[in-house]
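The primary structure of each chain is shown beneath.
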Amino acid sequence: MNVLIVYSSWHGTSDKVAAYMADKLINHKVDLVNLKMHEVSHLRNYDCIILGGSIHFGSIESSVQKFYIKNLDLLLQKDLGLFICCGLDEDKESQFESAFPAQLREHSKVQGYFGGELLTEKMNFVQKLVTAQITKTGKKLSDGIDYKAIDRFLGLLAGEGNQHLIRKPN
Ligand SMILES: Cc1cc2nc3c(=O)[nH]c(=O)nc-3n(C[C@H](O)[C@H](O)[C@H](O)COP(=O)(O)O)c2cc1C
């Protein structure tokens with residue numbers, strides 16, 4: 001199966017998530033595209049698309065939004081997995097809902113919340129101030145990347161009987 005993992009990442013969490021998924025998808029041809037740096041070409045050639053990215057200021061990155069708006073019809077014809085990475089564990093469901101339109105969510109085979117990281121060493125001054133406010137909300141924060149959730153997501157995406165196509169969880 002030809003798989004495309006297409007996502008955006010500010011500070012590297014979604015990059016790590018995408019690389020982990022690519023490593024797990026044995027026996028597939030997997031391409032990774034970070035929309036902050038590259039465009040997707042030949043979307044038609046893929047059987048399965050994994051689309052996602054991180055949440056900032058309550059929204060998914062605009063490059064991800066532009067991608068699904070432009071390619072909505074084609075995405076609705078593919079096996080689709082959607083994911084987000086976010087710092088606020090408590091808000092993951094509502095943020096996921098606003099990240100992707102209903103049509104895509106309903107069509108998707110599997111949906112994932114993969115946790116998040118606050119990588120202050122990679123943030124600029126304003127980002128540090130914003131995340132300091134986030135940590136003061138008293139809301140439950142994500143506890144790093146949830147690799148078990150990624151393993152479950154990939155298992156469901158492969159479907160029953162196709163688990164051999166996924167490298168076993170560590
Ligand atoms: C400026 C800024 C704003 C953020 N806003 C939110 C937010 O609104 N909701 C949330 O759940 N997480 C928020 N986060 C946390 C990110 O989703 C988290 O750091 C994630 O791991 C980033 O992934 P990335 O490195 O792939 O972009 C924010 C982080 C930063 C730096």
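The rules we used
- Residues numbered from 1 in each chain as written.
- Predicted model: local features only at pLDDT ≥ 70, side-chain atom pairs only at ≥ 80, totals over all residues.
- Heavy atoms only, no water.
- Core = buried A, V, L, I, M, F, W, Y, C linked by side-chain atoms within 4.5 Å.
- Buried < 20%, exposed > 50% of the residue type's maximum accessible area, 1.4 Å probe, protein only.
- Helix = DSSP H or I, 4+ residues; strand = E, 2+ residues; numbered from the N terminus.
- Contact = heavy atoms within 4.5 Å.
- Near = heavy atom within 4 Å.
- Polar contact = N/O pair within 3.5 Å; in protein donor to acceptor, adjacent residues only side chain to side chain.
- Areas by Shrake-Rupley, 256 points an atom, 1.4 Å probe, with all protein chains shown as cover.
- Nonpolar A, V, L, I, M, F, W, Y, C, P; charged D, E, K, R; others polar.
- Pairing = 2+ DSSP bridges.
- Right-handed = clockwise from strand over helix to strand, strands pointing away.
- pLDDT = per-residue confidence, 0-100.
- Salt bridge = Lys/Arg side-chain N within 4 Å of Asp/Glu carboxyl O.

Asker: Even after reading the chapter, I still don't get the nonpolar core, so can you show me in this structure?
Answerer: Nonpolar side chains in soluble globular proteins generally cluster together in the buried interior. Residues V6, I49, L51, L75, I84, F100 and L104 are the most contacted members of the largest nonpolar core, which totals 24 residues. The set of elements that each furnish at least two residues to this core consists of β1 (2-8), β3 (48-56), α2 (62-70), α3 (72-75), β5 (79-85) and α4 (92-99). Once you skip the residues sitting within four places of it in the chain, I49 turns out to touch L4, V6, L43, L75, K78, D79, L80 and G81. The next biggest cluster of nonpolar side chains, apart from the first, holds 20 residues, and it includes Y7, L25, F83 and I145.

Asker: Any chance you could explain unusual backbone geometry here in plain terms?
Answerer: What you tend to see is this: most non-glycine residues have negative phi, and most peptide bonds are trans. Not every positive phi belongs to a glycine, and N27 is a case in point at roughly 65 degrees. Turning to its location among the elements, N27 is positioned in the loop between α1 (13-24) and β2 (29-34). Look at N27 and you get exposed, because its relative accessible area is 60%. One non-glycine residue, F57, lies in positive phi territory at about 50 degrees. Note on placement: F57 falls in the loop between β3 and β4 (59-60).

Asker: How should I be thinking about the site of the ligand in this particular structure?
Answerer: The environment of the ligand is formed by 24 residues, the closest being S9, W10, S54, I55 and E117. In this structure, an oxygen atom belonging to the ligand sits 2.9 Å away from a main-chain N or O atom of H11. For the ligand, the accessible surface in isolation is 640 Å², of which the surrounding protein chains cover 97%. A total of four residues in the shell around the ligand trace back to one element, the largest contributor, which is helix α6 (residues 125-136). Of the residues assigned to the shell around the ligand, the class counts are ten nonpolar, 13 polar and one charged.

Asker: Please clarify how the pairing of β1 should be interpreted in this entry.
Answerer: β1 sits mainly inside the fold: six of its seven residues count as buried. The pairing of β1 with β2 spans six bridges and is parallel. If you follow N2 over to β2, its bridge partner there is K29. Traced from β1 through α1 to β2, the parallel crossover comes out right-handed. Pairing analysis gives six bridges linking β1 to β3, with the strands arranged parallel. Pairing of V6 across the sheet is with L51, part of β3.

Asker: Explanation requested: the environment of N71 in the structure shown.
Answerer: Within the element layout of this structure, N71 appears in the loop between α2 and α3. A residue is classified by how much of its surface remains accessible, and N71, at 16% relative accessible area, is buried. Residues N71 and R44, spaced 27 residues apart in sequence, show a C-alpha to C-alpha distance of 10.0 Å. At 2.9 Å, the side chain of N71 forms a polar contact with the backbone oxygen of F67.

Asker: Would you explain the confidence of the model for the chain in this entry?
Answerer: Interpretation of this model should avoid reading the predicted coordinates in detail wherever pLDDT is low. In the predicted model, the chain carries a mean pLDDT of 93, and the fraction of residues at 70 or more is 94%. Taken element by element, the predicted model of the chain shows its lowest mean pLDDT in α6 (92) and its highest in β4 (98).

Asker: Any chance you could explain the pattern of salt bridges here in plain terms?
Answerer: Side-chain pairs of opposite charge can arise whenever the charged atoms involved come near each other. Summed over all chains, the structure comprises eight salt bridges. The shortest N-O distance in the salt bridge between K16 and E117 comes to 3.0 Å. Taken together, the positions of K16 in helix α1 and E117 in the loop between β7 (115-116) and α6 put the pair 101 residues apart, joining distant regions of the chain. A relative accessible area of 27% places E117 in the partly exposed class. Residue K36 is joined to E61 by a salt bridge in which the shortest nitrogen-to-oxygen separation is 3.2 Å. Linking K36 in the loop between β2 and β3 with E61 in the loop between β4 and α2, this pair joins segments that are 25 residues apart in sequence. Connected via shared salt-bridge partners are D89, K92 and K140.

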